[in-house]
Every structure is written in structure tokens, then in C-alpha cells.
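A look at the structure
If you want the building blocks of each chain, they are given just below.
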Amino acid sequence: MKKTVIKYGLLSGLLLALFMSITIPFMDKTTDSAWAQFIGFAGMIVAFTAIFVAISKYRDQCLNGVISFGRAFLLGLYIALIASTLYVVTWMIISELFMPDFMDNYLEAAISKINKSSLSVTEKMEQINQYEKMAEWYKKPILKFLFTYVEVLPIGILMSLMAAAFLRKNG
């Protein structure tokens, strides 16, 4: 199982890093970040399909076509953890070296969008305050690391649950 987890975890992680790299041109001040988010989340789904492949191959080649939901889920979860870790490390490097002003740009775009909305002044201020707090937290590397995990890992867990449900075969 270890070999399968490492192989597919690295494959999925490299795909995540590749899709993240593709989104970088969409992350400047002048571009609507919706495209970057769409490409990013679509990339996560594509990358995490490796979990389905890994569970299927492991079940058929190593377990004579039989795998429990729990074992399949753990296999997927371990792959998701490796892939998510590669994603987070890639973002930490990219954001520090190539996009040190990412959060400032993100905050500026969010505030602009809020100010253009039809919310009341009080609601606008509340939302702006929330974004400003998040931007302050993001300056702390450990929180930035955790925020980035929260962005990707839930998708990996969801894909692991789905793959385990669809691919389980009891003997």
C-alpha cells in the first residue's frame, strides 16, 4: 500500500502544482480571480482523480479485486495528504518568491468588489473587517500554511470518500 500511496500521492501533488502554476497569470490586480479559482478547483478535481485510479489498481492488483470501504478511504486519504502537502509547499514557495504582494492584491480586489455591491454601509464594513483580519492572519506563515491546506485537503477527502464508496468490493 505504501508504494501505491507514494506513487499516486506524488502524481496527484505534481498535477496540483502544475494547475496552480497555470493560474498564476490570472492572479494579478487587473484580472478577475474567478478564472484562477475555476482553473484551480477544476485542477484539484482532475488531480485527485488519481485517488480513483490508485484504489482501483490496488484493489485489483494487490487484493484480488476485494477492498473494504475503510481501507479504500485510507488509501485515498493518504494520497490526498501527500498531494495536499505538495500543493501547500508549492504555494508557500510561489507566494513568497513570485507573489509577495498576493494578499494585498487579493484584499484590494475584495474590498473593491464589496464597495461595488448593494450591501448597506454597515454590512460592507463588517465584510471589509473580516477580510482585513484574514489578511493579517495570512502574514503568519503557519496560518498561511493552514489556510492553504484548508483550500485543498477537503476536496481530497471528499474525493477519497467518493472513490471508497464507488470502488469498494467486499469478498
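Residues numbered from 1 in each chain as written. Predicted model: local features only at pLDDT ≥ 70, side-chain atom pairs only at ≥ 80, totals over all residues. Heavy atoms only, no water.

Details of the packing of helix α2 (residues 34-62) against helix α6 (residues 141-167)
- At a minimum axis distance of 9 Å, the contact between α2 and α6 shows a crossing angle of 35°. Here α2 and α6 pass one another in a crossing that is right-handed. For the pair formed by α2 and α6, the contact residues are Phe41, Met44, Ile45, Phe48, Thr49, Ile51, Phe52, Ile55, Ser56 and Arg59 on the first element and Glu151, Val152, Ile155, Gly156, Met159, Ser160, Met162, Ala163, Ala164, Phe166 and Leu167 on the second.
- For the contact of α2 with α6, the per-class residue count stands at 15 nonpolar, 4 polar and 2 charged. (Axes fitted to C-alpha atoms, helices over the stretch in contact; angles between N-to-C directions. Helix = DSSP H or I, 4+ residues; strand = E, 2+ residues; numbered from the N terminus. Left-handed = near helix turned anticlockwise from the far one by under 90°. Contact = heavy atoms within 4.5 Å. Nonpolar A, V, L, I, M, F, W, Y, C, P; charged D, E, K, R; others polar.)

Re the packing of aromatic side chains
- Evaluation of the coordinates by the stated rule reveals 8 aromatic pairs.
- Seen from their ring centres, Phe102 and Tyr138 are 6.3 Å apart, and the 45° between their planes marks the pair as tilted. On the criterion of sequence distance, the pair formed by Phe102 in helix α4 (residues 102-116) and Tyr138 in helix α5 (residues 121-138) is long-range, its members being 36 residues apart.
- Measuring from ring centre to ring centre gives 6.2 Å for Tyr138 and Phe147, while their planes differ by 15°; the resulting arrangement is stacked.
- The exposure class of Tyr138 is buried, given its relative accessible area of 12%.
- Put simply, the rings of Trp91, Phe102, Tyr106, Tyr131, Trp137, Tyr138 and Phe147 touch in pairs and so form one group of aromatic residues. (Phe/Tyr/Trp six-rings, centres within 6.5 Å; stacked < 30°, edge-to-face > 60°. Buried < 20%, exposed > 50% of the residue type's maximum accessible area, 1.4 Å probe, protein only.)

A closer look at α6
- Its 27 residues give α6 an end-to-end C-alpha distance of 38 Å, which sits within 8% of 39 Å, the value for a rise of 1.5 Å per residue.
- Maximum bend of α6: about 30°, positioned at Val150, with proline Pro154 one to four residues after it.
- Among all positions of α6, only Lys144, Thr148, Tyr149, Val152, Leu153, Ile155, Gly156, Met159, Ser160, Ala163, Ala164 and Leu167 are buried.
- For α6, the secondary structure elements touched by its buried residues are α1 (2-23), α2, α3 (69-97) and α5. (Expected span 1.5 Å × (residues − 1). Bend = angle between axes of the 7 residues up to and from the residue.)

Quick word on the confidence of the model for the chain
- Summarising the model, the chain shows a mean pLDDT of 89, and 94% of its residues fall at 70 or more.
- When pLDDT is averaged over each helix and strand of the chain, the minimum, 84, is found for α4 and the maximum, 95, for α6. (pLDDT = per-residue confidence, 0-100.)

What about a nonpolar patch on the surface?
- Residues Met1, Leu74, Tyr78 and Leu81 make up a contiguous nonpolar surface patch of roughly 300 Å² in combined accessible area.
- With respect to the helices and strands, the residue Leu74 is situated in helix α3. (Patch = residues over 30% accessible without salt bridge, like charges linked within 9 Å, V, L, I, M, F, W, Y side chains within 5 Å. Areas by Shrake-Rupley, 256 points an atom, 1.4 Å probe, with all protein chains shown as cover. Salt bridge = Lys/Arg side-chain N within 4 Å of Asp/Glu carboxyl O.)

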